[in-house]
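For reference, the chains in residue letters:
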Amino acid sequence: MSDQYTEKQLQNYENAKSEAAKDDALYRLGTHLEVLPCNGNAQLTPEQRDTVLDAARKGDSNA
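Residues numbered from 1 in each chain as written. Predicted model: local features only at pLDDT ≥ 70, side-chain atom pairs only at ≥ 80, totals over all residues. Heavy atoms only, no water.

Colleague: Help me understand the pattern of salt bridges in this model?
Modeller: Evaluation of the coordinates by the stated rule reveals three salt bridges. With a closest N to O distance of 2.9 Å, Arg 28 and Asp 24 form a salt bridge. You can see Arg 28 and its partner Asp 24 sitting in helix H2 (residues 19-32), four residues apart, about one turn around the helix. With a closest N to O distance of 3.4 Å, Arg 57 and Asp 54 form a salt bridge. Of the two residues, Arg 57 and Asp 54 are both situated in helix H3 (residues 46-61); the distance of three residues between them amounts to about one turn of the helix. What makes Asp 54 partly exposed here is its relative accessible area of 38%. (Salt bridge = Lys/Arg side-chain N within 4 Å of Asp/Glu carboxyl O. Helix = DSSP H or I, 4+ residues; strand = E, 2+ residues; numbered from the N terminus. Buried < 20%, exposed > 50% of the residue type's maximum accessible area, 1.4 Å probe, protein only.)

Laid out in structure tokens, this is it:
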């Protein structure tokens, strides 16, 4: 199972009311999982969103 921070950011993503809030959660998760650069830019491309979600799912399957 993934760590608590990963779980929290996935919940934040799922419960977000706006695209900006969803991207913020995914940016935080992506930098935590080290699949996105830590550059302060939380405006993600569709490819970056997919990369972060795929990395989070792989983390869940490695439990």
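On we go.
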